[in-house]
Amino acid sequence: MLEYDSDDVFTIANDHHDRGDIWLIPLKLLDDDSRAIQLGAVAELSLESGQRDFVEEPLRMMLIGLEEESRLPYVIESGGVAVGVLTLQAGAARLAGWPDDDSAWLLRGFLIDSGRQGQGLGAMAAKAAVDEARKLTIRLNGGQAGVVLSVNERNPAGQAAYAKAGFVDSGRYLGGASGPQCIMYKDF
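Residues numbered from 1 in each chain as written. Predicted model: local features only at pLDDT ≥ 70, side-chain atom pairs only at ≥ 80, totals over all residues. Heavy atoms only, no water.

Trainee: So what exactly am I meant to see when it comes to the pairing of strand β6 (residues 146–152) here?
Mentor: For a regular strand, side chains alternate in direction, first toward one face of the sheet and then toward the other. Buried residues dominate β6, accounting for 6 of its 7 residues. Across 3 bridges, strand β5 (residues 104–112) lies against β6 in parallel orientation. The residue of β6 that forms the bridge with A104 is G146. With 7 bridges connecting them, β6 and strand β8 (residues 181–187) associate as antiparallel partners. Bridge pairing in β8 places L149 opposite M184. (Buried < 20%, exposed > 50% of the residue type's maximum accessible area, 1.4 Å probe, protein only. Helix = DSSP H or I, 4+ residues; strand = E, 2+ residues; numbered from the N terminus. Pairing = 2+ DSSP bridges.)

Here it is, written out as structure tokens:
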């Protein structure tokens, strides 16, 4: 079972271009009232029609993440406002075309609200997710060496954001439901 240590539970990524900070809010660590507030904010996130080809509704993804033990869902905040969501998952890296499940965290269900795209928030949040995964690996003695994801080949903006966050192209995955995926990996 994945368990958090209560120390240092919120991860922040600072933007050195004065666009602000990104906070990752771990939904599983919040009390019921705080979680409800965060989920209400997630329900207000909007997707462009093109995004729907690559991800599910944000609220649905967070609710699934709360129910599944291996998933750790996060709300991405900037300036005190929810701007997106992401999930880190242990033991599931093959879902992104990785050769094994356990050597990397899977970053999935990542999205930035359609009204906040193009501001560098995706790259900042991806960097924060890698830092959070590194901390989780240390706390849980998990043995992961990095974070893997798959991004649809028809999503060049997503690929660019991940590359800006330090992820490198690690091959092609043909198992995605919405077509060929680019496997991207970032080590700790």
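Trainee: Where do I start with unusual backbone geometry in this structure?
Mentor: For residues besides glycine, phi is generally negative; the peptide bonds are generally trans as well. In this structure, N141 is a non-glycine residue whose phi angle is positive, near 50 degrees. Examined against the element boundaries, N141 turns out to sit in the loop between α3 (121–140) and β6.

Trainee: Would you mind going over the packing of α3 against helix α4 (residues 156–164) with me for this structure?
Mentor: Between two packed helices, the angle of one axis relative to the other and the distance separating the axes together describe the packing. Relative orientation of the contacting elements α3 and α4 amounts to 50 degrees, with a least axis distance of 8 Å. Here α3 is positioned oblique relative to α4, judged by the angle of their axes. Relative to α4, α3 is oriented so that their crossing is right-handed. Contacts between α3 and α4 involve G122, A123, A126 and K127 on the former and, on the latter, A161, Y162 and K164. Looking at the contact of α3 with α4 residue by residue, the class counts come to 4 nonpolar, 1 polar and 2 charged. (Axes fitted to C-alpha atoms, helices over the stretch in contact; angles between N-to-C directions. Parallel < 35°, antiparallel > 145°, perpendicular 65-115°, else oblique. Left-handed = near helix turned anticlockwise from the far one by under 90°. Contact = heavy atoms within 4.5 Å. Nonpolar A, V, L, I, M, F, W, Y, C, P; charged D, E, K, R; others polar.)

Trainee: How do you make sense of the side chain of R35 when you look at a structure like this?
Mentor: The topology assignment puts R35 in helix α1 (residues 32–43). A distance of 3.0 Å separates the side chain of R35 from the side chain of D32, its partner in a polar contact. Excluding residues within four positions of it along the chain, R35 makes contact with L27, K28, L30 and L66. (Polar contact = N/O pair within 3.5 Å; in protein donor to acceptor, adjacent residues only side chain to side chain.)

Trainee: Can you walk me through the environment of G91 in this structure?
Mentor: Within the fold, G91 resides in the loop between β4 (81–89) and β5. When near neighbours in sequence (up to four residues on either side) are disregarded, G91 contacts D101 and D102.

Trainee: Honestly, the pattern of salt bridges in this entry has me stumped. Any pointers?
Mentor: Here the idea is simple: oppositely charged side chains can pair when their charged atoms come close. This structure, assessed with the given rule, holds 7 salt bridges. Between E56 and R60 there is a salt bridge whose closest N-O contact spans 2.5 Å. With relative accessibility at 48%, the residue R60 sits in the partly exposed group. Measuring nitrogen to oxygen at the nearest pair gives 4.0 Å for the salt bridge that ties E132 to R139. The class for E132 is buried, based on a relative accessible area of 0%. (Salt bridge = Lys/Arg side-chain N within 4 Å of Asp/Glu carboxyl O.)

Trainee: What exactly am I supposed to notice about the packing of aromatic side chains here?
Mentor: One pass over the structure, following the stated rule, counts 3 aromatic pairs. Relative to Y162, the ring of F110 lies with its centre 5.5 Å away and its plane at 65 degrees, an arrangement referred to as edge-to-face. In this pair, F110 sits in strand β5 while Y162 sits in helix α4, placing the two residues 52 residues apart along the sequence. Assigned by exposure class, F110 and Y162 land together as buried. (Phe/Tyr/Trp six-rings, centres within 6.5 Å; stacked < 30°, edge-to-face > 60°.)

Trainee: Quick question: what am I supposed to make of the layout of surface pockets here?
Mentor: Which parts of space are left empty comes out when a probe the size of a water molecule is rolled across the atoms. Each pocket or cavity is described by its volume, and for the largest pocket that value is around 1200 Å³. Around the largest pocket sit 45 residues that line it, and F54, V55, F110, N155 and Y162 are the ones nearest its centre. Taken together, the elements giving at least two residues each to the lining of the largest pocket come down to α2 (58–67), β5, α3, β6 and α4. It is β5 that provides the largest number of residues to the lining of the largest pocket, a total of 7 residues. Grouping the amino acids of the lining of the largest pocket by side-chain chemistry returns 20 nonpolar, 16 polar and 9 charged. (1 Å grid on protein atoms, 1.4 Å probe; cavity = no way out; pocket = protein on both sides within 12 Å on 5 of 7 lines; lining within 4 Å. Points joined across faces, edges and corners; volume = space filled by probe spheres on them.)

Taken by themselves, the reported measurements are silent on function.
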